[in-house]
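# Structure assessment
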Amino acid sequence: MEETAAAVEPAAEKATSYRYWVREATGDAAPLPAPRKLDAADVAANPAPATLGSAWNQAGTWEEKNLNSWANSRIKDLLGSLDPLEFSTGKASVYEVSRCSGDAFLVIVRNKKRVGYTYELSLKFKGEWLIKEEKKKVKGHLEIPEFSYGELEDLEVNVRFGDDKDLSSADKAQICKDMKSFLSPIQEKLREFEKELKER
């Protein structure tokens, strides 16, 4: 009885025409693929997918570009063109970006573009305020501590006076309050900068 079962098994195995580890072609097996040279029409019909970044990075895996030179110059241009502001007791203007330090970069990851930056700024200002019925000229800096891409709503401006010998603490407080009015125009200019950075 056992001999008969053993004799039937090999016959059943040989009857099946396909097993993935068998490479012999049988009558009912699919034909082997034949290589075919592509012509110009085939290439035009299936163009290569557009990739971002450099020619060497066709897969669009990882590529980082330093944009510091462009970003520093652009921030200085934008913030150097702030309009002067008038207040109830005076007026002031920002006339120079004295410090612009940080990094801006463009990263291509998995064929997707991402941009970012981190900066610290110092802007020189000069103004004139009516203090105790006398016009006083005041100079100083607007300090903008570290800020990053997408965080412009949290931007802070600190006022530092250049020469405040004859200013009372109440006068300083009023001037600081006035100078913090520059926060909104600065945010607008930096939003413009972020938009241009995204388009690079």
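What counts, and at which threshold
Residues numbered from 1 in each chain as written. Predicted model: local features only at pLDDT ≥ 70, side-chain atom pairs only at ≥ 80, totals over all residues. Heavy atoms only, no water. UniProt positions renumbered as here; feature names shortened; annotations may be inferred. Helix = DSSP H or I, 4+ residues; strand = E, 2+ residues; numbered from the N terminus. Buried < 20%, exposed > 50% of the residue type's maximum accessible area, 1.4 Å probe, protein only. Contact = heavy atoms within 4.5 Å. Areas by Shrake-Rupley, 256 points an atom, 1.4 Å probe, with all protein chains shown as cover. Phe/Tyr/Trp six-rings, centres within 6.5 Å; stacked < 30°, edge-to-face > 60°. Lys NZ or Arg CZ within 6 Å of the ring centre and 35° of its normal. Patch = residues over 30% accessible without salt bridge, like charges linked within 9 Å, V, L, I, M, F, W, Y side chains within 5 Å. Salt bridge = Lys/Arg side-chain N within 4 Å of Asp/Glu carboxyl O. Lys, Arg positive; Asp, Glu negative; His and termini not counted. Charge placed at Lys NZ, Arg CZ, Asp CG, Glu CD. Core = buried A, V, L, I, M, F, W, Y, C linked by side-chain atoms within 4.5 Å. Polar contact = N/O pair within 3.5 Å; in protein donor to acceptor, adjacent residues only side chain to side chain. Axes fitted to C-alpha atoms, helices over the stretch in contact; angles between N-to-C directions. Left-handed = near helix turned anticlockwise from the far one by under 90°. Nonpolar A, V, L, I, M, F, W, Y, C, P; charged D, E, K, R; others polar. Arc of directions from axis to C-beta.

Per an unreviewed UniProt entry, the protein chain goes by the name Activator of Hsp90 ATPase AHSA1-like N-terminal domain-containing protein and belongs to Urochloa decumbens. Taken verbatim from the UniProt record of the protein chain, the Sequence similarities (unreviewed entry) comment is "Belongs to the AHA1 family."

## Looking at the overall build of the protein chain
Along the backbone of the protein chain there are 5 helices and 6 strands. Ordered by position from N to C terminus, the α and β elements of the protein chain give α-α-β-α-β-β-β-β-β-α-α. Here the protein chain holds 200 residues, and 30% of them are scored as buried. For the protein chain, restricting intrachain contacts to residue pairs at least 6 apart in sequence, the fraction spanning at least 24 positions comes to 62%. Of the roughly 14000 Å² of accessible surface on the protein chain, a fraction of 52% belongs to carbon and sulfur atoms.

## Let's talk about the environment of Asn 72
Within the secondary structure, Asn 72 is located in helix 3 (residues 68-80). In the structure, Asn 72 is positioned 30 residues away from Gly 102 in sequence and 8.2 Å away in space, judged by C-alpha atoms. Discounting residues that sit within four places of it in the chain, Asn 72 has contacts with Cys 100 and Tyr 119.

## Quick notes on the packing of aromatic side chains
Taken as a whole and judged by the stated rule, the model has 6 aromatic pairs. Geometrically, the ring pair formed by Trp 70 and Phe 193 is stacked, given 5.6 Å between the ring centres and 20° between the ring planes. With Trp 70 in helix 3 and Phe 193 in helix 5 (residues 183-198), this pair connects stretches of sequence that are 123 residues apart. A connected cluster of aromatic rings, assembled from ring pairs, spans Trp 70, Tyr 117, Tyr 119, Phe 147, Tyr 149 and Phe 193. The positively charged end of Lys 126 is found above the aromatic ring belonging to Tyr 95, 5.0 Å away from the centroid.

## As for a positive patch on the surface
Side chains of Lys 91, Lys 126, Lys 135, Lys 137 and Lys 139 sit close together on the surface and give a patch of like positive charge. By residue number, the principal contributor to the positive patch is strand 5 (residues 134-148), which donates 3 residues. Residue classification places Lys 126 among the partly exposed positions, given a relative accessible area of 41%.

## A few points about the nonpolar core
Residues Leu 79, Trp 129, Leu 142, Phe 147, Met 179, Phe 182 and Ile 186 are the most contacted members of the largest nonpolar core, which totals 40 residues. The leading source of residues in this core is strand 4 (residues 112-131), at 8 residues. For Leu 142, the contacting residues outside a window of four places in its chain are Val 94, Leu 121, Ser 122, Leu 123, Phe 125, Val 157, Asn 158, Val 159, Met 179, Phe 182 and Ile 186.

## Notes on the side chain of Asp 178
Positionally, Asp 178 belongs in helix 4 (residues 169-179). Within the structure, Asp 178 has its side chain in polar contact with the side chain of Trp 129 (distance 2.9 Å).

## Some points on the packing of helix 3 against helix 5
As a packed pair, helix 3 and helix 5 sit with axes 10 Å apart at the nearest point and diverge in direction by 145°. As for how helix 3 packs across helix 5, the hand of that crossing is right-handed. For the pair helix 3 and helix 5, contact is made by Trp 70, Ala 71, Arg 74, Ile 75, Leu 78 and Leu 79 and by Ile 186, Lys 189, Leu 190, Glu 192, Phe 193, Glu 196 and Leu 197, respectively. Residues belonging to the contact of helix 3 with helix 5 are distributed by class as follows: 9 nonpolar, no polar and 4 charged.

## Some words on helix 4
Taken residue by residue, helix 4 has Asp 171, Ile 175, Cys 176, Asp 178 and Met 179 as its buried positions. Projected onto a plane normal to the axis of helix 4, the buried residues spread over an arc of 160° and lie on a single side. Facing away from the buried side of helix 4 by more than 90 degrees, the exposed set consists of Ser 169, Ala 170 and Lys 177. Looking at the buried residues of helix 4, the elements they touch are strand 3 (90-109), strand 4, strand 5 and strand 6 (158-161).

## A look at the environment of Cys 100
Structurally, Cys 100 can be placed in strand 3. Distance from Cys 100 to Tyr 119, taken between C-alpha atoms, is 7.0 Å for residues 19 residues apart in sequence. In contact with Cys 100, not counting residues within four places along its chain, are Asn 72, Ile 75, Lys 76, Tyr 119, Glu 120 and Leu 121.

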